[in-house]
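Commentary on secondary and tertiary structure
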Amino acid sequence: MTTTARLIAFEGGEGAGKSTQARLLAAALEARGIASILTREPGGTPGAEAIRDLLLHPPGEGWGAEAEALLFAAARADHVARLIRPALADGKWVISDRFLDSSRAYQGAAGALGDGEVRALHAIGSGGLLPDLTIVITAANERVAARLRARDGGASDAIGGRGEAYHARVEAAFADFAAAEPERFVMIDGNGTIEDVHARVLAAVAPLC
């Protein structure tokens, strides 16, 4: 099956279920004969994975907001140059667990660095590449808490372990982005079974196939 290459990003707060849904979408596309690559941010290439470790397990006192944003931008620049753009040029779909809008939400909004600054770094590092569709998974707080307990066992990384107020700002930022750019974003209810959510994701992606 031949389709136009697409970049699909999954976004959402901690424990929303986006990683599971990204994996299921990639598998569903492959089952339909659509070549796809599943990747993640920060990460996806050896260089970006090295930066991921620095971000999630920072040395010393950790990173300030500006340094953190620069590290994310550097990881994304390598990811885009070495994996995403070549895959798209090869006609493949790229399914990314997080992309630019995570930096906008986490560092730009919750970290108070500013949206313009994050976008400027993205323009320099990654040529301003935007997803064809950004899927934001939302879920009830109690469901998210259960997923995080199962995933992390009470131990969170440097970003996931930040306070409730920080993560509330992240969630609000994603909702604001979706409202401002409805042509690029879709909000998906992450409540219900994994299969229920997967069906909603497939319905959102169907117009691009």
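Below is a short write-up of the structure.

About the criteria used
- Residues numbered from 1 in each chain as written.
- Predicted model: local features only at pLDDT ≥ 70, side-chain atom pairs only at ≥ 80, totals over all residues.
- Heavy atoms only, no water.
- Helix = DSSP H or I, 4+ residues; strand = E, 2+ residues; numbered from the N terminus.
- Contact = heavy atoms within 4.5 Å.
- Areas by Shrake-Rupley, 256 points an atom, 1.4 Å probe, with all protein chains shown as cover.
- Phe/Tyr/Trp six-rings, centres within 6.5 Å; stacked < 30°, edge-to-face > 60°.
- Buried < 20%, exposed > 50% of the residue type's maximum accessible area, 1.4 Å probe, protein only.
- Core = buried A, V, L, I, M, F, W, Y, C linked by side-chain atoms within 4.5 Å.
- Axes fitted to C-alpha atoms, helices over the stretch in contact; angles between N-to-C directions.
- Left-handed = near helix turned anticlockwise from the far one by under 90°.
- Nonpolar A, V, L, I, M, F, W, Y, C, P; charged D, E, K, R; others polar.
- Expected span 1.5 Å × (residues − 1).
- Arc of directions from axis to C-beta.
- Parallel < 35°, antiparallel > 145°, perpendicular 65-115°, else oblique.
- Salt bridge = Lys/Arg side-chain N within 4 Å of Asp/Glu carboxyl O.

Turning our attention to the overall build of the chain. For the chain, the count of helices and strands is eight helices and five strands. Listing each helix as α and each strand as β along the chain from the N terminus yields β-α-β-α-α-β-α-α-β-α-α-β-α. For the chain, restricting intrachain contacts to residue pairs at least 6 apart in sequence, the fraction spanning at least 24 positions comes to 78%. Counting only carbon and sulfur atoms, one obtains 56% of the accessible surface of the chain, whose full area is about 9,500 Å².

Time to look at the packing of aromatic side chains. If you walk through the whole model with that rule in mind, you get three aromatic pairs. Judged by centre distance (6.3 Å) and plane angle (90°), the rings of F174 and F177 are edge-to-face. One end of the pair is F174 and the other is F177, both in helix 7 (residues 164-180) and three residues apart, which spans about a single turn. On the basis of relative accessibility, which here comes to 1%, the residue F174 falls in the buried class.

Here we take up the nonpolar core. Counting 19 residues, the largest nonpolar core has A105, Y106, V170, F174 and F177 as the members making the most contacts within it. Those elements giving two or more residues to this core turn out to be helix 2 (46-56), helix 3 (65-89), helix 4 (100-110) and helix 7. With six residues, the single largest contributor to this core is helix 7. Setting aside its immediate chain neighbours within four residues, V170 contacts A105, Y106 and A110. The next biggest cluster of nonpolar side chains, apart from the first, holds 18 residues, and it includes L25, L29, I34 and I135.

Tracing the backbone through its elements, the reader meets S103 in helix 4. Residue classification places S103 among the buried residues on the basis of a relative accessible area of 4%. Leave out the neighbours within four places in its chain, and S103 touches F72, R76, G108 and V118.

Between helix 3 and helix 5 (residues 115-126), whose axes approach to 9 Å, the crossing angle comes to 35°. Handedness of the helix 3/helix 5 crossing: right-handed. Residues A69, L70, A73, R76, A77, V80 and R85 of helix 3 form the contact with helix 5, whose own contacting residues are L121, H122, G125 and S126. Residue composition of the contact of helix 3 with helix 5, by class: six nonpolar, three polar and two charged.

Our next topic: helix 5. Think of an α-helix as 3.6 residues a turn; residues three or four steps apart then line up on the same face. Taking 1.5 Å per residue, 12 residues should reach 16 Å; helix 5 reaches 16 Å between its end C-alpha atoms and fits that length. By the burial criterion, the buried members of helix 5 are V118, H122 and S126. In a view along the axis of helix 5, the buried residues occupy a sector of 40°, so they form one face of it. In this fold, the buried residues of helix 5 make contact with helix 3 and helix 4.

Further remarks concern the packing of helix 2 against helix 3. Helix 3 packs onto helix 2 with a crossing angle of 160° between their chain directions and a minimal axis gap of 8 Å. One element, helix 2, and the other, helix 3, form an angle in the roughly antiparallel class. Between helix 2 and helix 3 lies a crossing of left-handed hand. Touching G47, A48, I51 and L55 of helix 2 are E68, L71, F72, A74, A75 and D78, all from helix 3. Partitioned by chemical class, the residues of the contact of helix 2 with helix 3 number seven nonpolar, one polar and two charged.

Turning next to the pattern of salt bridges. Close approach of charged atoms allows side chains with opposite charge to pair. Within the structure shown, the criterion is met by 15 salt bridges. With a closest N to O distance of 3.7 Å, K92 and D90 form a salt bridge. The class for D90 is exposed, based on a relative accessible area of 55%. For D101, the salt bridge identified is with R184, shortest N-O distance 2.8 Å. Of this pair, D101 sits in helix 4 while R184 is found in the loop between helix 7 and strand 5 (185-189), placing the two residues 83 residues apart along the sequence. As far as the burial class goes, D101 and R184 line up, both buried. One continuous salt-bridge network, built from bridges that share partners, spans D101, R104, D115, R119, E181 and R184.

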